[in-house]
Amino acid sequence: MSGTFSCDVLIVGAGIAGLMAAHRLEAAGKVVVVVDREERVGGRILTEHVAGGWADTGAQFFTVRDPEFSRFVAEWLAEGLIFEWSTGWSDGSLLPPADDAHPRYAAYEGLMAVPRRLAQNLTIHKAVNIETVMPAVAGWLAVADSGAAYQCQALILTPPAPLSLALLAAEQVALAAADQAALAAITYAPCLTAVCHINGAINLPEPGALQRPDHPISWIADNQRKGTSPRVCLVSVHVNPMYSRLWWLSPDVELAGALRRELQPFLAANATVQEITIHRWLHAVPTTLHPERTLLAANLPPLAFAGDAFSGPRVEGAALSGLAAAEAILEAIG
Ligand SMILES: Cc1cc2nc3c(=O)[nH]c(=O)nc-3n(C[C@H](O)[C@H](O)[C@H](O)COP(=O)(O)OP(=O)(O)OC[C@H]3O[C@@H](n4cnc5c(N)ncnc54)[C@H](O)[C@@H]3O)c2cc1C
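The model shown is predicted, which means the values in this text are computed figures rather than measured ones.

### With respect to the overall build of the chain
When you go through the chain residue by residue, the secondary structure sums to nine helices and 18 strands. For 334 residues, the compact-globule formula gives about 20 Å, and the C-alpha radius of gyration of the chain, at 20 Å, lands near that figure. Taking the principal axes of the C-alpha coordinates as reference, the chain spans close to 65 × 45 × 35 Å. Counting the 334 residues in the chain, one finds 45% classified as buried. At a minimum sequence separation of 6, the contacts of the chain that also span at least 24 residues come to 69%.

### Description of the site of the ligand
Around the ligand, a shell composed of 37 residues is seen, among which Gly13, Gly15, Gly43, Gly307 and Arg314 lie nearest. Where the shell around the ligand is concerned, the elements lending two or more residues are α1 (16-27), β12 (187-199), β16 (272-288) and α9 (314-333). Of the residues contributing to the shell around the ligand, the split by class is 20 nonpolar, eleven polar and six charged. For the shell around the ligand, the two domains that each supply at least three residues are domain 1 (4-39 + 126-186 + 289-333) and domain 2 (188-286).

### Focus on the sheet that holds strand β13 (residues 209-211)
The strand order across the open sheet built from five strands is β13-β14-β15-β12-β16, with neighbouring strands paired in antiparallel fashion. Two strands close off the open sheet at either side, each with one partner strand: β13 and β16. The average angle at which neighbouring strand axes cross in this sheet is 20°, direction not considered. Across the sheet, helix α8 (residues 252-263) touches β12, β14 (217-222), β15 (233-239) and β16, and the angle it forms with β16 is around 100°.

### Considerations on the domain arrangement of the chain
Structurally, the chain comprises domain 1 (4-39 + 126-186 + 289-333) and domain 2 (188-286). The gap between the C-alpha centroids of domain 1 and domain 2 is 33 Å. In this assembly, six residues from domain 1 lie in contact with four residues from domain 2. Grouping the constituent residues of the side of domain 1 that touches domain 2 by class yields five nonpolar, no polar and one charged.

### Brief notes about the pairing of strand β9 (residues 130-136)
Strand direction decides the pairing type here: β9 and strand β10 (residues 139-144), joined by six bridges, are antiparallel. Its bridge partner being in β10, Thr132 is matched across the sheet by Val143.

### Some remarks on the nonpolar core
With 75 residues, the main nonpolar core has Leu10, Ala21, Leu155, Ile156 and Ala304 as its most contacted residues. In this structure, Ile156 is in contact with Val9, Ile11, Gly18, Ala21, Ala304, Ala306, Ala325 and Ile329, ignoring residues within four places of it in sequence.

### Concerning the sheet that holds strand β7 (residues 104-107)
Ordered by their spatial adjacency, three strands build an open sheet running β5-β7-β6, and the pairing between neighbours is antiparallel. Both edges of this open sheet fall to β5 (62-63) and β6 (82-86), since each of them pairs with a single strand only. Bridge analysis of β5 against β7 gives two bridges, and the strand direction is antiparallel. Of the residues in β7, the one forming a bridge with Phe62 is Tyr105.

### Quick word on helix α4 (residues 161-169)
All of the buried residues along α4 are Ala161, Ser164, Leu165, Leu167 and Leu168. Take α4 and look down its axis: the buried residues cluster within an arc of 155°, on one side only. Buried residues along α4 sit in contact with β9, β11 (149-157), α5 (177-184) and β18 (303-305).

### Looking at unusual backbone geometry
Glycine aside, a negative phi is what most residues show, and trans is what most peptide bonds show. A cis geometry characterises the amide bond from Glu206 onward to Pro207, with omega recorded as -10°. By secondary structure assignment, the location of Pro207 is in the loop between β12 and β13. Backbone geometry places Gln172, a non-glycine residue, at a positive phi of 50°. With phi around 80°, Ser311 is a residue other than glycine that occupies positive phi space.

### Describing α9
End to end, α9 covers 29 Å across 20 residues, agreeing with the expected 28 Å (1.5 Å per residue, within 8%). Here α9 lies mainly inside the structure; 14 of its 20 residues are buried. Residue Gly334 follows α9 closely and has a positive phi angle near 80°.

Basis of the calculations
Residues numbered from 1 in each chain as written. Predicted model: local features only at pLDDT ≥ 70, side-chain atom pairs only at ≥ 80, totals over all residues. Helix = DSSP H or I, 4+ residues; strand = E, 2+ residues; numbered from the N terminus. Rg over C-alpha atoms; globule rule 2.2 N^0.38 Å. Buried ≥ 20, exposed ≤ 12 C-beta atoms within 10 Å, placed from the backbone. Contact = placed C-beta atoms within 7 Å. Near = placed C-beta within 6 Å. Nonpolar A, V, L, I, M, F, W, Y, C, P; charged D, E, K, R; others polar. Domains from an automatic or database assignment. Pairing = 2+ DSSP bridges. Axes fitted to C-alpha atoms, helices over the stretch in contact; angles between N-to-C directions. Core = buried A, V, L, I, M, F, W, Y, C linked by C-beta atoms within 7 Å. Arc of directions from axis to C-beta. Expected span 1.5 Å × (residues − 1).

Structure below.
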């Protein structure tokens, strides 16, 4: 995409934080453009098409604890988009432990159905990789590597914090020292994930998933039993942070070999692993979080930072952060 675009608020990132922010701002009558460097919406919510089925590669489910987020979730439930998959974990299975019985929601067509639903009726420019952002007359100017330019009154940055900081640094935009320090303090753990096409079946506890934080493979989920891949057995696998770091630079073929060995004890009789597709998430989950749901930059035109590293991690935290950033921007621009 090329050309020059104008809007009240530009949101960089069409993950859950950016999409929720856009909803709130549009409801307040603002002209909003959301841009994402990918050809799709969802960010770390990704459902992949493998061997004729669908598998969640990033987020697997989400929780709902906040009343504001639960209003959106009630709509998605009523529309038949999502379903309650489980009410909690205990080590090694999804049976609910006594102290953690929050519902975990999944989507019939894979979790990416949620950002796709949120993206309906929003102005979203996909495959737009923003390279620089800089203060300009009456707001901000953001420029993509394609040359597309966005003039806006206010800006919301939702990429992982190191990427947002790099966008500002590219044009030497100086944040207030406290803001710079707060954003630089945010850290993430990486996660190697894989979708494994199984010829046959895999044995996992109810309802078809296993969580084991202390094992190299910390998560195994059967998308067939989850309902997103009715005809093919596709298994989503997550490697724990320590092994993700250890194996990060290993060639895919070596990783696939290690994953095959780890999966072996779970395969039903005569089942074989047909194909393994590997995905590397560098900023998978935040490990050091900012204490507030958003950060409104001081001494600059209206600029808010949002995402899962702001106060609450994961899908719900990112959603609430997006809403908080939108509120902060509305307050700043009136
Ligand atoms: C493997 C894995 C498993 C997970 N499992 C769960 C789970 O089961 N439950 C749960 O609740 N959470 C889970 N999470 C976390 C959850 O996915 C995230 O917390 C949430 O999706 C983050 O949303 P976000 O909008 O903050 O960021 P993102 O989804 O990362 O969105 C940021 C967007 O910014 C875009 N972007 C970045 N730089 C630029 C640029 N320069 N120009 C344009 N666009 C740009 C990116 O393409 C991306 O789409 C998991 C995450 C991973 C990686």
